Amino acid sequence: MLPGGRRFAWDLGLGREIGYVFWAMIGLEAAFGAYVGIWPLWIEALGAPITVVGLVLGSSGLLRLLILAPSAGLADRIDPRTLIVVSRSITALGMITAALATHWTMLAPMVIGSAIGEIAFPLTQAHLAAHAGEQRVRAFTLVFNVGPAVAFGIAPLISGALIALFDMRAAFVFAAACTAFSVYFFSRFSPRPKRAKDEAPPAPTSYREALAEPDVKRLISLQFATIFSLALGISLLAPFLNDQRGISPAVVAMLGGIGSAGSVAFGLVVTRSRWLQRHPLYGVAFGIGMVMATLAIVISTQAVWLIALAFLGRGGLWSAWGLFAAALSEAVRSDRIRPRVFTLSEMMAGSAFSLAPIISGQLYAIRAEGPLLASLAACSVLIPVLLVAQKRSLPGRELSEEDVAAAGRLVDPEAA
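Below or above, wherever it landed, is the structure these notes cover. (Residues numbered from 1 in each chain as written. Predicted model: local features only at pLDDT ≥ 70, side-chain atom pairs only at ≥ 80, totals over all residues. Heavy atoms only, no water.)

### What to know about the overall build of the protein chain
Note the cut-off: The helix count covers DSSP runs of H or I at least four residues long, the strand count covers runs of E at least two residues long, and both are numbered beginning at the N terminus. Relative accessibility thresholds used throughout: buried, under 20% of the residue-type maximum; exposed, over 50%; partly exposed, between the two (1.4 Å probe, protein chains only). Contacts: residue pairs with any heavy atoms within 4.5 Å of one another. The accessible surface values rely on the Shrake-Rupley method and a 1.4 Å probe; as for residues, cover is taken only from the protein chains in view.
When you go through the protein chain residue by residue, the secondary structure sums to 20 helices and 0 strands. For the protein chain, with 416 residues in total, the buried portion stands at 56%. Look at the contacts in the protein chain between residues 6 or more apart in sequence, and 84% of them connect residues 24 or more apart. Surface exposure of the protein chain reaches about 17,200 Å², of which carbon and sulfur atoms provide 65%.

### Let's talk about the packing of aromatic side chains
Where we set the bar: Whether two aromatic rings pair depends on their centres lying within 6.5 Å, for rings of Phe, Tyr and Trp, where Trp uses its six-membered ring; planes under 30 degrees apart make the pair stacked, over 60 edge-to-face, and the rest tilted.
All told, the structure shown has 10 aromatic pairs when counted by the stated rule. Relative to Trp39, the ring of Tyr35 has its centre 6.1 Å away and its plane inclined at 85°; by these criteria the two rings are edge-to-face. A single burial state applies to Tyr35 and to Trp39, both of which are buried.

### A short note on the nonpolar core
Applied cut-off: Buried Ala, Val, Leu, Ile, Met, Phe, Trp, Tyr and Cys residues that are joined via side-chain atoms within 4.5 Å together make up what is termed a nonpolar core.
Judged by nonpolar contacts, the single largest core of 109 residues is most densely connected at Trp39, Phe172 and Leu241. Sorting elements by how many residues they give to this core places helix α1 (residues 16-35) first, with 13 residues. Residue contacts for Phe172: discarding those within four places in its chain leaves Tyr35, Ile38, Trp39, Trp42, Met95, Ala98, Ala99 and Met110.

### Points about the side chain of Thr91
Definition in use: Counting of polar contacts relies on pairs of N or O atoms within 3.5 Å, with two restrictions inside protein: one atom must be capable of donating a hydrogen and the other of accepting it, and residues adjacent in sequence are counted only when both atoms are side-chain atoms.
Among the secondary structure elements, Thr91 is positioned in helix α5 (residues 80-100). By relative accessible area, which is 3% here, Thr91 ends up buried. Only 2.8 Å separates the side chain of Thr91 from the backbone oxygen of Gly113, close enough to count as a polar contact. Separated by 3.5 Å, the side chain of Thr91 and the backbone nitrogen of Gly117 make a polar contact. Not counting the four nearest positions on each side in its chain, Thr91 is found in contact with Gly113, Ser114 and Gly117.

Written out as structure tokens, the structure is:
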């Protein structure tokens, strides 16, 4: 029972379809949060040298790029609900195989399954937009910001406890259970309405048309550079903390929840600040500064409590990712082209997020602090570029509340 005598509604008062989306996203983000913090450690524990760890981390994202590109066309031919359920079921099977693996080469199904599961994101967003009606702002905020942030904050704590009781395999079993939870709610989605025989199909769009929109090329290029620079330092933080600071995998997993809290806090600041909404690239620069502070502290201290506090800044990566999505939403005025623009954004950002750990692994092999120092250097150059780009790209144009909420990535780490 809620205050005022109101009963708790499982669908949060948004209706059945949006309620299904909410709980599906809770399960999806909980699954990611359950293993992402110790994923590099598990690859390393299965015998992979640090250079291979980076390669495995990056390979899933490169596969994601290949899968996302044709996904829009595939959704035109197959009911989105079926695609989502099948893709996320494959992801769950990959998590189970990761828990059973005895050598790093046996992680291939996990890598492939994770990439295939990314199909669910654009299709779920489209489903929500089609059913939100006049509650679009509230629906997007609850489903893609608040819910996933809470799930991503709690899941690492549960996962860390399971790892402490058993071992790292437990994190992947827990992730698979969370994925099964999400698949149940995905399967409850209503199917896409059939088009009438005499109804004309919608006009096709292209990526070339999307790139012709003002500011899109510049913003996507800056997004690639930002995600790459940040991920370069963050990708192998787990092995660094374990190898160089002696922090156990269970504690490393729990630190992920702290990073989520930092992302939530910054996201709330953005939604309440008109100035940041009018100047999103300034917000991106601030998010970069958050990550730089985290990396600087991790390099300079061995105090676990200080490192845990510093992890609040790690969420700056996801906040920056979301602000680029919001900036693109403002730059593109055509609803018809916007899905293509966001797909391009996800493809480019995902490529950056995948390439970074490959380079990071090579730097780590030379010197453990190498990836962190390289990230700090790249970010130092990037911040003034972003400040100048804000004046040239989006000079003071205010983002609507709907655009900020619909971006859906202020606190969402799958991007990866």
